Amino acid sequence: MMKNEMGTDVEQSLLNELFTDEGFAREYMLDKCREGREQFCPRCGERKIYHLSNNRYRCSACKYTFQDFSCRWINNGGLKMSELLRLIYMFSTEMTAHGISNELGISYNAAYKAITAVRYAILSQAIDAAQFLGPETQLGEYIKGRKLTGIPKKKYNGAIPVFGIMEKQDWVFIDLMQNINAESVLHFNHNFHLKLVRNGNIIHTDRYQNYDALIMCGNETLPLQYIQKYSNTTAYIEKSGNGFWDFARERLKKYKGISTQRFPLYLKELEFRYNFRDKDIFEILTDYVSKIVPDMQN
């Protein structure tokens, strides 16, 4: 809940101004980008910069020419700042991409592109972001020059990654499993009788080591019909009263068109939503999209 210095609730009035006043929306986000400092170079961090025309700046150290929101997640999507903040708010309430596009009067592709940038921003703030943006998921391939170059494709051309779900003290961790892929999981099932449960292309297992379950999103390279016969199996995660799984499974069913490559973005979004389920996440999300996009070329 957003409050002023006197503790009075100002949430709705602030939101109304952010959504209708483009100048106010830009200043609000500029404050977040600058983090209480003067304007600085988003590429090297240098504080000595030159002011150019048309709201541009040049770094005195690396000579990079930039604008207010250059190199940040907020610079992806092509929306006005007031529109983007409305989109983030609707995303925070779990409105669908179709609903958001209708509400904003923009195309579905424009809404989905902006939502994808928000999901990347969530992932990039996770403690294991470097792993999730690595070659196992191929998600980092869509970041070039600190900007998203496109939406991850549906077709995935690598080994299908596997993720571990671990909930401790009402806090969930979604880990990218090292040295375990989809073939490993099928091997565990065939040779060690590790239970499998399939819902569409999403497959999860019984308890594995310290994890409540392993989970993956399959594609046509997996023998999905073989896995289908296990769909009525009850695994540990269903029996344990796992709060995260109760929270996540219905939401996973609602997501349309989940692909192997996009699946990690949805998992990290669910991890974030669950861990902050008792908070108003709008302001957290605006903080996240204000962050500088990681440099994937170094």
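Coordinates for the structure precede this section.
Residues numbered from 1 in each chain as written. Predicted model: local features only at pLDDT ≥ 70, side-chain atom pairs only at ≥ 80, totals over all residues. Heavy atoms only, no water.

**As for the overall build of the protein**
Next up, step 1: Assigned secondary structure in the protein consists of 12 helices and 10 strands.
Next up, step 2: Projected onto its principal axes, the C-alpha coordinates of the protein cover approximately 65 × 45 × 35 Å.
Next up, step 3: For the protein, buried positions account for 51% of its 298 residues.
Next up, step 4: In the protein, the proportion of contacts linking residues at least 24 apart, taken out of those at least 6 apart, comes to 60%.
Next up, step 5: Computed over 39 positive and 35 negative side-chain charges, the inter-centroid distance for the protein is 6 Å. (Helix = DSSP H or I, 4+ residues; strand = E, 2+ residues; numbered from the N terminus. Buried < 20%, exposed > 50% of the residue type's maximum accessible area, 1.4 Å probe, protein only. Contact = heavy atoms within 4.5 Å. Lys, Arg positive; Asp, Glu negative; His and termini not counted. Charge placed at Lys NZ, Arg CZ, Asp CG, Glu CD.)

**Here's the deal with the pattern of salt bridges**
Next up, step 1: In total, this model carries 13 salt bridges according to the counting rule given.
Next up, step 2: A salt bridge links Lys32 to Glu283; the shortest N-O distance between them is 3.9 Å. Taken together, the residues Lys32 in helix α2 (residues 22-34) and Glu283 in helix α12 (residues 281-289) connect sequence positions 251 residues apart.
Next up, step 3: According to the relative accessible area criterion, Lys32 is buried, its value standing at 15%.
Next up, step 4: Two residues, Arg249 and Asp246, come together in a salt bridge whose shortest N-O distance is 3.1 Å. Residue Arg249 and its partner Asp246 are both found in helix α10 (residues 243-254); the two are separated by 3 residues, about one turn of the helix.
Next up, step 5: Since its relative accessible area comes to 28%, Arg249 is described here as partly exposed.
Next up, step 6: Each member of the salt-bridge network shares a partner with another, and the members are Arg26, Arg34 and Asp68. (Salt bridge = Lys/Arg side-chain N within 4 Å of Asp/Glu carboxyl O.)

**Overview of the packing of aromatic side chains**
Next up, step 1: The full count for this structure, using the stated rule, is 15 aromatic pairs.
Next up, step 2: For the pair Phe163 and Phe263, a centre-to-centre distance of 6.1 Å together with 65 degrees between the ring planes defines the contact as edge-to-face. One end of the pair, Phe163, is in strand β6 (residues 161-168); the other, Phe263, is in helix α11 (residues 263-275), and 100 residues separate them in sequence. For the pair Phe163 and Phe263, one class covers both residues: buried.
Next up, step 3: Measuring from centroid to centroid gives 5.3 Å for Phe188 and Tyr208, while their planes differ by 15 degrees, and the two rings are stacked. One end of the pair, Phe188, is in helix α7 (residues 182-192); the other, Tyr208, is in the loop between β9 (202-205) and β10 (213-217), and 20 residues separate them in sequence. When sorted by exposure, Phe188 lands in the same class as Tyr208, which is buried.
Next up, step 4: An aromatic cluster is defined as three or more aromatic residues linked by ring pairs; in this entry it consists of Trp171, Phe272, Phe276 and Tyr288.
Next up, step 5: The ring of Phe247 carries the charged tip of Arg251 above its face, separated from the ring centre by 3.7 Å.
Next up, step 6: Geometry around Phe132 places Lys268 over its ring, the cationic atom sitting 4.5 Å from the centre. (Phe/Tyr/Trp six-rings, centres within 6.5 Å; stacked < 30°, edge-to-face > 60°. Lys NZ or Arg CZ within 6 Å of the ring centre and 35° of its normal.)

**Section: the packing of α2 against α12**
Next up, step 1: At their nearest, the axes of α2 and α12 sit 9 Å apart, and the two run at 65 degrees to each other. Classed by the angle they form, the pair α2 and α12 counts as roughly perpendicular. As α2 packs across α12, the resulting crossing turns out to be right-handed. Where α2 abuts α12, its residues Tyr28, Met29 and Lys32 lie against Glu283, Thr286, Asp287 and Val289.
Next up, step 2: Classifying every residue of the contact of α2 with α12 gives 3 nonpolar, 1 polar and 3 charged. (Axes fitted to C-alpha atoms, helices over the stretch in contact; angles between N-to-C directions. Parallel < 35°, antiparallel > 145°, perpendicular 65-115°, else oblique. Left-handed = near helix turned anticlockwise from the far one by under 90°. Nonpolar A, V, L, I, M, F, W, Y, C, P; charged D, E, K, R; others polar.)

**Let's talk about α2**
Next up, step 1: For α2, with 13 residues, the first-to-last C-alpha span of 18 Å sits near the 18 Å given by 1.5 Å per residue.
Next up, step 2: When we look at burial in α2, the residues that qualify are Ala25, Tyr28, Met29, Leu30, Lys32 and Cys33.
Next up, step 3: For α2, the secondary structure elements touched by its buried residues are α1 (11-20), α3 (81-92) and α12.
Next up, step 4: Where α2 ends, the next residue or the one after it, Glu35, has phi of about 55 degrees, a positive value. (Expected span 1.5 Å × (residues − 1).)

**Things to note about the sheet that holds strand β2 (residues 56-59)**
Next up, step 1: A sheet is described by the order of its strands in space; here 3 strands give the open sequence β1-β2-β3, paired in antiparallel fashion. Unpaired on one side and paired on the other, β1 (49-51) and β3 (65-67) mark the two borders of the sheet. Across the sheet, the mean angle from the axis of one strand to that of its neighbour is 35 degrees, orientation sign disregarded.
Next up, step 2: Note that β2 and β3 share 3 bridges and pair antiparallel. Bridge pairing links Arg56 to Gln67 in β3. (Pairing = 2+ DSSP bridges.)

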